[in-house]
Structures are given as structure tokens and as C-alpha cells.
Amino acid sequence: MAMLGTVGSNLTRYGCPACHCNDRLRHLWLYMDKTGLATRLAGSDVLHLAPEPGLERIIADLEPATYVRGDLNPTQPGHQRLDVESLPFADETFDLAICNHVLEHVNSPMRALHELFRCLRPGGLLIAQTPFAPAMHNTLELHERPDPQTAHLLFGQEDHVRLFGGDITRYFHAAGFEGELLQHTTLLPDFSPTEYGCNEHEPFFVFWKPATHAAERANRTAGEAATVC
């Protein structure tokens, strides 16, 4: 992972001895606060998959209108059993979806991203942090799920099934999302990664469903129908 320049947790700045949060969670909250997302949570409809305990408490305290929390194998009270590749929600249900460190586990990241796109309202946001190796041109993935030893060697963790490469944003764009990875130096230039205990190489994975998506789709369908007629 080090040879490939994989971006994930920085274990030298990892756990907080007071609240037990890790560097990824601190960095994520700094990003959400800096971009104003924190102030938009009140009254919003939020979907949180594989919720991080620290972030879950913060979001709940901000009083979203709806706060759905779920996991493929839930162990906490109030968590639903949810499969991100087949979500049981109607189209355009949520304003914000948070799905951190999930896409490296699923069978099909494209199916998961299409489901998240479907469930978001036009203009809705997706936050989906995930480890990746920008030095690799393409994502590394096998035809079949590897055994734990192989997964640990190739992907850095026994239950990972891929290591995303520099092509990672193409997955989001192919699902219909807009946006690019936002770098620490762009969003948090005055925040010392050493002082705040985070990995300055980890960007903010925030993407959005175009606000005009529904209208464009309707116009395209009408145009195609007119052509046929």
C-alpha cells in the first residue's frame, strides 16, 4: 500500500485517546464544517450507510428531518439492514447520502452508486470517502472475490475486494454524479494536518446529483418521442 501511495488513514495520527475517533472521522468533519454542509443538516433527509459512531451522534444532534442509518449486517439499535446495491427507498427520497468506506467492499460499486443516485433528490449530495491509490491509472480488481490473504496483500485489508486507482471519479461520473475530489490544501489550507491529526493527502469525496437531472431527462424523453412520431 505504501509503495502505491495509497491514500487512507495515517496511522501515526490515528486514534484520539479522549473520544476514540480516528483521523478519517476528524478530517471528514473538518471538511463538512468548512464547506457549510454541517449547517445544512438540520431539517434535511439524510441516509447514512455504515454509520461512524462519532459522526452519527453529531448528525443526530443537528436534528435532520429524517435520519436513516443502516448497514448490511447491523449491530446497533436503530440501524436498519440495508444493502447499498439494492436500497428499499423510493426515487428522490434524500437530500444527503453518506457512504464512507463501503465501495471497496461491495460486489459492484457501479450498482451501488446508481442506487445512491436514484435515491437522492436533484441537487442532493453524496459523501463517499474511500481508500484509493492515485499512482495507479486504473482500479485494481479481480474477477472473483479473493481469499483474505490475497485481499490483504493486494487491497490492504482482508475484506476489501478492490483498490481504486486514479480513475475513481469516473465511477461517480458514470453513475450521473458531478464533482471532483477536493484536496486538503484547497479546502483546509490553514489547518495543520499534524495539529488536527489527519492525513493531508486524503481529499474530500463529495459529489452531487445535478439539479437539472429530472428536467433534462424529461426533455430528452419528450424529444425522443417526438422524433419517433
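The paragraphs below set out a description of the structure included in this document. (Residues numbered from 1 in each chain as written. Predicted model: local features only at pLDDT ≥ 70, side-chain atom pairs only at ≥ 80, totals over all residues. Heavy atoms only, no water.)

**Considerations on the environment of Pro-189**
Mapped onto the secondary structure, Pro-189 falls in the loop between helix 6 (184-187) and helix 7 (193-196). According to the relative accessible area criterion, Pro-189 is exposed, its value standing at 54%. In the structure, Pro-189 is positioned 21 residues away from Ile-168 in sequence and 24 Å away in space, judged by C-alpha atoms. (Helix = DSSP H or I, 4+ residues; strand = E, 2+ residues; numbered from the N terminus. Buried < 20%, exposed > 50% of the residue type's maximum accessible area, 1.4 Å probe, protein only.)

**Details of the packing of helix 1 (residues 23-34) against helix 2 (residues 53-61)**
Two elements in contact, helix 1 and helix 2, have axes whose closest approach is 10 Å; the angle formed by their N-to-C orientations is 30°. Looking at the two axes, helix 1 sits roughly parallel to helix 2. When the axes of helix 1 and helix 2 are compared, the crossing they make is right-handed. Here Leu-25, Leu-28, Trp-29 and Met-32 of helix 1 come into contact with helix 2, specifically with Gly-54, Leu-55 and Ile-58. For the contact of helix 1 with helix 2, the class distribution of residues is 6 nonpolar, 1 polar and no charged. (Axes fitted to C-alpha atoms, helices over the stretch in contact; angles between N-to-C directions. Parallel < 35°, antiparallel > 145°, perpendicular 65-115°, else oblique. Left-handed = near helix turned anticlockwise from the far one by under 90°. Contact = heavy atoms within 4.5 Å. Nonpolar A, V, L, I, M, F, W, Y, C, P; charged D, E, K, R; others polar.)

**A few points about the side chain of Asp-45**
Note on placement: Asp-45 falls in strand 1 (residues 45-49). A relative accessible area of 13% places Asp-45 in the buried class. Excluding anything up to four places from it in sequence, Asp-45 contacts Ala-65, Thr-66, Thr-93, Phe-94, Asp-95, Leu-96 and Arg-121.

**Some remarks on the packing of aromatic side chains**
Counting across every chain of the model gives 7 aromatic pairs. Ring plane angle 50° and centroid distance 5.0 Å describe the contact between Phe-191 and Tyr-196, whose orientation is recorded as tilted. Taking NZ or CZ as reference, Lys-209 lies 4.8 Å from the ring centre of Phe-117, over its face. (Phe/Tyr/Trp six-rings, centres within 6.5 Å; stacked < 30°, edge-to-face > 60°. Lys NZ or Arg CZ within 6 Å of the ring centre and 35° of its normal.)

**A few points about the sheet that holds strand 8 (residues 206-208)**
With respect to topology, 6 strands assemble into an open sheet ordered 3-2-1-4-5-8, the strand pairing being mixed. The open sheet has two free edges, formed respectively by strand 3 (80-81) and strand 8, since each of these has just one partner strand. Pairing between strand 4 (residues 94-99) and strand 5 (residues 120-127): 4 bridges, direction parallel. By the bridge assignment for strand 5, Ile-98 is matched with Ile-127. Each of strand 1, strand 2 (66-71) and strand 4 is contacted by helix 2, which is oriented at about 160° to strand 2, the strand it contacts most. (Pairing = 2+ DSSP bridges.)

**A short note on the nonpolar core**
Of all hydrophobic cores here, the largest spans 32 residues; its most connected members are Leu-47, Leu-116, Leu-126, Phe-172 and Phe-177. In terms of residue count, the dominant contributor to this core is helix 3 (residues 109-119) (5 residues). The contact partners of Phe-172, leaving out residues within four places of it in the chain, are Leu-103, Leu-113, Leu-126, Ala-128, Phe-177, Phe-205 and Phe-207. Among the nonpolar cores identified, the runner-up in size contains 20 residues, and Leu-30, Met-32, Leu-125 and Val-206 belong to it. (Core = buried A, V, L, I, M, F, W, Y, C linked by side-chain atoms within 4.5 Å.)

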